[in-house]
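# Report on the structure
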Amino acid sequence: GGVLMERDDKEKNEEEETQKKSYPRTLFVPKPSTEVMQIFGDKNKSLTAKDGIHPNEWGYAAWASHIAGEVAVAIEKREKATSCMGK
């Protein structure tokens, strides 16, 4: 298998803040933990394809569920903020 290199948290956080400032109307969804992804599917099934890196069908479904949940929360917050402004 291949080795994936991760940047340190400080560098990732700085880059994320720069991206948020550059794209203020964009929702940045954090990467879900493996534990969160496993909740979506069968704990005995792998979430990666045979290459060990890319998601398989279960992995993509878990990501889709995670992203949909984050978007739903963001929409709800926006709707509450908008309704408060109209009062």
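Residues numbered from 1 in each chain as written. Predicted model: local features only at pLDDT ≥ 70, side-chain atom pairs only at ≥ 80, totals over all residues. Heavy atoms only, no water.

## Side note on the confidence of the model for the protein chain
The condition is simple: Confidence of the prediction at every residue is given by pLDDT, a number between 0 and 100. Numbering of helices and strands runs from the N terminus; a helix is a DSSP stretch of H or I covering at least four residues, while a strand is a stretch of E covering at least two. Throughout, a contact is declared for two residues whenever any of their heavy atoms are within 4.5 Å.
The predicted model of the protein chain averages 80 in pLDDT, with 83% of residues at 70 or higher. Here helix α2 (residues 34-40) stands out as the least confident element of the protein chain, with mean pLDDT 75; helix α3 (residues 57-85) is the most confident, with 89. Note on residues 1-5: pLDDT under 50 across the span, and zero contacts to partners over four residues away in sequence or across chains.

## Description of the side chain of H66
Inclusion rule: When a residue's accessible area, from a 1.4 Å probe over protein chains only, is under 20% of the maximum for its type it is buried; when over 50% it is exposed; and in between it is partly exposed.
With respect to the helices and strands, H66 occurs in helix α3. Residue classification places H66 among the buried residues on the basis of a relative accessible area of 17%. Here H66 is in contact with V29, P30, K31 and P32, once residues within four sequence places are set aside.

## A closer look at α3
Each α-helix winds once per 3.6 residues, and so residues spaced three or four apart point in a common direction. The line we're drawing: Every helix has an expected span of 1.5 Å times one less than the residues it contains. Pairs of N or O atoms are called polar contacts if they sit within 3.5 Å, as long as, within protein, a hydrogen donor faces a hydrogen acceptor (for residues adjacent in sequence, only side-chain-to-side-chain pairs).
If you check α3, its first and last C-alpha atoms are 42 Å apart, about what 29 residues at 1.5 Å a residue would give, namely 42 Å. Those residues of α3 lying buried are G59, A62 and H66. Backbone nitrogen of W58 and a side-chain oxygen of the N-cap are separated by 3.0 Å at the start of α3; the cap is N56.

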